Number of protein chains: 2
Amino acid sequence: MREVAAIGVGITKWGELWKKSLRDLYVETALLALDDAGVDRIDSMYVGSMSSGLFAGQEHIAAMLADYLGQASVPSARVETACASGGLAIKLGYMEIACGISDVVLVSGVEKMTDVSGNEATYALGTAADQEYEGYHGLTFPGLYALIARAHMDKYGTTREQLAMVSVKNHSNGAKNPIAQYPFEVSVEQVLSSVMIADPLRILDCSPITDGAAAVILCPVEMARKTGKAVIKITGVGHATDTIELSQRKDLTWLEAVYQAARGAYAMAGKKPQDMDVIEVHDCFTIAEICVMEALGLVEKGKGGPAVEQGMSALDGEFPINTSGGLKAKGHPVGASGVAQAVEITKQLRGEAGERQVADARLGLTQNMGGSGASSVVHIFERE
Amino acid sequence: MREVAAIGVGITKWGELWKKSLRDLYVETALLALDDAGVDRIDSMYVGSMSSGLFAGQEHIAAMLADYLGQASVPSARVETACASGGLAIKLGYMEIACGISDVVLVSGVEKMTDVSGNEATYALGTAADQEYEGYHGLTFPGLYALIARAHMDKYGTTREQLAMVSVKNHSNGAKNPIAQYPFEVSVEQVLSSVMIADPLRILDCSPITDGAAAVILCPVEMARKTGKAVIKITGVGHATDTIELSQRKDLTWLEAVYQAARGAYAMAGKKPQDMDVIEVHDCFTIAEICVMEALGLVEKGKGGPAVEQGMSALDGEFPINTSGGLKAKGHPVGASGVAQAVEITKQLRGEAGERQVADARLGLTQNMGGSGASSVVHIFERE
């Protein structure tokens, strides 16, 4: 198998973008990534999108977007594992280059979420849970993660303030990211007094509804070396599933799919959690970031809350997490989030992250997740 | 790259199956395929589904179905290129084994289409076309293929009767296939007097709305050789796209993506169209089968109609096409159709196709298509 590198990245301002369609968002980020990579051809395309059908009334976007990018004829595949669709797209692009089928693969994620009403968006997002056994009973995602949060607080003594600190940290990072949907700081007090969504989660614990896209160009490492730029390799890939229904888990606080995906990625890269210099995780809700820290092995089970409180995951902490602002502040166009994580880590490892740069970052990790953790994809990136 | 074989197939009765849910359909075919393959583990799963969101109110089916099959933790990906989703799933399963990441991959296709109203189903299917530039103007798929049919009749003199003969042939084959949704014969007169849908296409020119699933187990050829059964290899893989909008094509009658996908598959397998013993094509409408015969290179441009009339594609013809009954008679659960094509070809090459067996079939081809031909995936199968 060949080694694979990320040689180009593209992302544009995320938010409630009523003047841009799904295809606009896709094409502008793809062109930025192609320009950044300096390539003049694409052999294959993968597009991660959770529900272009329910959000935008359009399936078959793989072909539509290849066409709209002026690349009709290039093989193009849309892939989906709910909010982990972007991470899945990277995995498949990686595989196609590793096995020598293609040399230049455009991997994108895109979601246009604000053209439907709030109720329709809640319904569409709810289709990532078990609709027959969870949705039918009225459970939506804030409710599912609220159950996880209550269980974590009960079992480990995680505090309401510790949850808030995840939001405070991610907004502090997001304020330094020009493409973030909400590039402003918030205080613990603001989080604690924000509108209640599903007890104990308040609106400032929840990632927003976002229009956005992100793109990464992958190629063999030998090709990346010829660009003269820093070579950012993907050295670990992990992907796993768990029960889709939360009620079927042995422990509500433990994200087994994240653990399994991370284990696979660490083994492949020959690295351990403690080696990571910079990390992007799937903080769809504040509690998710805490559970993911534990499942990735950055802290012991139950110690995520205190670790956040002690600043371990801050920009200047031991393991800076979500330097981009995370899903919370940067936004969460569901199918795009996993690809945006790779954009951020590539920028960090190249030393191009501006105000939010982690000094001398050489090893990075991305962790993308679907549903209440039923799918997870983990990648490890390494500067050569 | 390793050689890849299909060692197990599973399919159950297709139709309007109100007593079976999406997960039931999936699991029963997956279990049949696992049983047929004689394997006791799955390393990875791909599920082709066009729009589980719009048809069944459920996204994230990759994880849900892994879970429901008792395989939570196994990496599972849902892939989509409209009605070519099943073919795409096979391509990706192939790739994963070829590059040595996995040994046993379960590739499935599933669509549960009859739990929504006819209008909703027409809308959902329409999302495979360009919704902003085609759907907005009222074009649905029968309309798009009617435009292709009219253009083909005008340019090449293809007759209304020749279109009908595709349906007659496929129903004749489907009458021999126990899992077909419509296992009965029809006459040219019946087709010509059936209800008009979009002039010149009548209802007996159109594939139906179907609930159904199909599954194939792929593995390395060395593993398949140990089973003692006939080894069915995948020796050619091709995938291409075309403009999603019909109006952007230079020639309405020419399916460029099919041509490109087939060219790729022939080159990889070192075979030519005339080598094929048995072929399954994407006959979503009768005209589609005629255009595909031309794009695959089985006949010259414009000669598809006369070839059907002369019996070239009949069960006892030069190139038996759609021995399964095709989408027309077997049914068209959109995301499953591409996988069902592989099931039929595998059975034919094993000599297990019963009444519809093509004598001594050694080489087979599947051609799956999305939208009005904006995506196509072609595979070549070979008995060792």
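These lines cover the structure that appears in this document, whether it is placed above or below. As a convention, each chain's residues are numbered from 1 in the sequence order in which they are written. Labels are handed out in written order, letters beginning with A for the chains and numbers beginning with 1 for the ligands. Local features are withheld for residues below a pLDDT of 70 in this predicted model, meaning they are given only at 70 or higher, and side-chain atom pairs are given and counted only at 80 or more; totals for whole chains, interfaces and linings count all residues. Water and hydrogen atoms were dropped before computing side-chain values, which therefore reflect all heavy atoms in the structure.

1. Section: the overall build of chain A
The helix and strand inventory of chain A stands at 14 helices and eleven strands. Radius of gyration means the value over C-alpha atoms here, while the globule rule gives 2.2 Å times the residue count to the 0.38 power. The C-alpha radius of gyration of chain A comes to 19 Å, within 12% of the 21 Å expected for a compact globule of 384 residues. Overall size of chain A, expressed as C-alpha extent along the three principal axes, is 55 × 45 × 35 Å. Contact definition: two residues touch when any of their heavy atoms are within 4.5 Å. Of the contacts made within chain A by residues no fewer than 6 positions apart, 77% connect residues no fewer than 24 positions apart. What counts as a helix is a DSSP run of H or I of at least four residues, what counts as a strand is a run of E of at least two, and both are numbered from the N terminus.

2. Topic: the pairing of strand S3 (residues 76-80) of chain A
Type-normalised accessible area, obtained with a 1.4 Å probe on protein chains alone, sets the label of each residue: buried when under 20%, exposed when over 50%, and partly exposed for intermediate values. Burial runs high along S3 of chain A: five of the five residues are buried. Alternating residues of S3 of chain A divide into Ser76, Arg78 and Glu80 of chain A and Ala77 and Val79 of chain A, and every residue in both groups is buried. Two strands qualify as a pair provided DSSP detects at least 2 bridges between them. Relative to S3 of chain A, strand S2 (residues 44-48) of chain A is paired through four bridges, and the arrangement is parallel. Considered in S3 of chain A, the bridge of Gly48 of chain A is made with Val79 of chain A. In terms of strand pairing, S3 of chain A meets strand S3 (residues 76-80) of chain B through three bridges, oriented antiparallel. If you follow Val79 of chain A over to S3 of chain B, its bridge partner there is Val79 of chain B.

3. Focus on the relation of the copies chain A and chain B
The copies were overlaid by least squares, fitting only the C-alpha atoms of residues that reach a pLDDT of 70 or more in each copy. You can overlay chain A on chain B at an RMSD of 0.0 Å; the transform is a turn of 180° with a shift of 0.0 Å along its axis. Within this description, the copies of the chain are treated as partners about a two-fold rotation axis. Take the interface residues of chain A: 100% of them recur as interface residues in chain B, which is what a same-surface contact looks like.

4. Some thoughts on the environment of Thr253 of chain A
All names here are of chain A. Inspection of the secondary structure assignment puts Thr253 in the loop between strand S8 (232-241) and helix H10 (256-269). Placed 42 residues apart in sequence, Thr253 and Ala295 show a C-alpha to C-alpha distance of 9.6 Å. Not counting residues within four places of it along the chain, the set of residues in contact with Thr253 comprises Ile148, Ala151, His152, Lys155, Tyr156 and Cys291. Think of a polar contact as two N or O atoms within 3.5 Å of one another; within protein, one of them needs to be a possible hydrogen donor and the other a possible acceptor, and neighboring residues in sequence only count if both atoms come from side chains. A polar side-chain atom of Thr253 sits 2.7 Å from a polar atom in the side chain of Asp251.

5. Brief notes about the pairing of strand S2 (residues 44-48) of chain B
Residues and elements named next belong to chain B. Counting buried positions along S2 gives five out of five residues, so the element sits mostly inside the fold. Here S2 shows a buried face lined by Ser44, Tyr46 and Gly48 and a second buried face lined by Met45 and Val47. When S2 meets strand S4 (residues 105-111), the two strands line up parallel, connected through five bridges. When the sheet's bridge partners are listed, Met45 is paired in S4 with Leu106.

6. Here we look at the interface of chain A and chain B
Taken together, the contact pairs 55 residues of chain A with 55 residues of chain B. We define buried area as the total accessible area lost by two parts upon association, computed with a 1.4 Å probe and summed across both. Contact between chain A and chain B buries roughly 4,200 Å² in total, counting both sides, with carbon and sulfur atoms accounting for 55%. We define a salt bridge as a side-chain nitrogen of Lys or Arg found within 4 Å of a carboxyl oxygen belonging to Asp or Glu. Viewed at the interface, chain B and chain A are joined by six salt bridges. We note a salt bridge from Glu132 of chain A to Arg23 of chain B, for which the minimum N-O separation is 3.8 Å. Within the residue set of the side of chain A that touches chain B, elements represented by two or more residues are helix H2 (52-56), helix H3 (61-68), S3, helix H4 (85-98) and S8 of chain A.

7. Structural notes on empty space enclosed by the protein
Any empty space left between the atoms is revealed when a probe the size of a water molecule rolls over them. Buried and open spaces are told apart on a 1 Å grid over the protein atoms alone, a cavity being a set of points where a 1.4 Å probe fits but cannot get out and a pocket being an open set with protein on both sides within 12 Å along at least five of seven lines. Residues with an atom within 4 Å of a point are the lining residues. Grid points are joined across faces, edges and corners, and a volume is the space filled by probe spheres set on the points. Per the stated rule, a full pass over the model turns up one cavity of 30 Å³ or more. Within this model, the largest cavity holds a volume of roughly 40 Å³. Within the lining of the largest cavity, the residues separate by chemical class into three nonpolar, one polar and two charged. In this count, Pro and Cys sit with the nonpolar residues alongside Ala, Val, Leu, Ile, Met, Phe, Trp and Tyr, while Asp, Glu, Lys and Arg are called charged and the others, Gly among them, polar.

8. What about the packing of helix H7 (residues 160-174) of chain A against helix H11 (residues 286-295) of chain A?
All names here are of chain A. The axes are straight lines fitted to the C-alpha atoms, using for helices just the contacting stretch, and the angles between their N-to-C directions are given from 0 to 180°. One way to put it is that H7 packs onto H11 with a least axis distance of 8 Å and a crossing angle of 95°. Considered as vectors, H7 and H11 are oriented roughly perpendicular to each other. Between H7 and H11, the contacting residues are Gln162, Leu163, Val166, Ser167, Lys169 and Asn170 on the first element and Thr286, Ile287, Glu289 and Ile290 on the second. When its residues are assigned to classes, the contact of H7 with H11 shows four nonpolar, four polar and two charged. If an angle is under 35 degrees, it is roughly parallel; if it is over 145, roughly antiparallel; if it lies from 65 to 115, roughly perpendicular; otherwise it is oblique.

9. What to know about the environment of Ile179 of chain B
All names here are of chain B. Of note, Ile179 is situated in the loop between helix H7 (160-174) and helix H8 (188-193). C-alpha separation for the pair Ile179 and Glu294, spaced 115 residues apart in sequence, amounts to 29 Å. With residues up to four places along the chain from it excluded, the contact list for Ile179 reads Ile11, Thr12, Lys13, Trp14 and Lys330.

10. Digging into the nonpolar core
The nonpolar side chains of soluble globular proteins are, as a tendency, buried together. Remark: nonpolar core denotes a set of buried residues (Ala, Val, Leu, Ile, Met, Phe, Trp, Tyr, Cys) joined through side-chain atoms within 4.5 Å. Counting 123 residues, the largest nonpolar core has Tyr145 and Leu296 of chain A together with Tyr145 and Leu296 of chain B as the members making the most contacts within it. The residues contacting Leu296 of chain A, other than those within four sequence positions of it, are Val258, Ala262, Tyr266, Pro273, Ile279, Val281, Leu365, Gln367 and Val378 of chain A. Formed by 74 residues, the second largest nonpolar core is a distinct cluster that contains Leu218, Val339, Ala340 and Ala342 of chain B.

11. Notes on the packing of aromatic side chains
For this analysis, a ring pair means two rings from Phe, Tyr or Trp (six-membered ring only for Trp) whose centres lie within 6.5 Å, classed as stacked if their planes differ by under 30 degrees, edge-to-face if by over 60, and tilted for the remaining angles. Within the structure shown, the criterion is met by eight aromatic pairs over all chains. Aromatic pair Tyr182 of chain A and Phe184 of chain A: ring centres 5.7 Å apart, planes at 45°, arrangement tilted. The exposure class assigned to Tyr182 of chain A is partly exposed, which follows from its relative accessible area of 30%. Among the aromatic residues, ring-to-ring pairing joins Phe141, Tyr145 and Phe285 of chain A into one connected group. Our definition puts a charge over a ring when NZ of Lys or CZ of Arg is within 6 Å of the ring centre and also within 35 degrees of the ring normal. The ring centre of Trp254 of chain A lies 4.5 Å from the NZ or CZ of Lys301 of chain A, which sits over that ring. Stacked on the ring of Tyr68 of chain B, the Lys or Arg Arg23 of chain B has its end atom at 5.2 Å from the ring centre.

Functional significance is not addressed by these values, which are geometric in nature.
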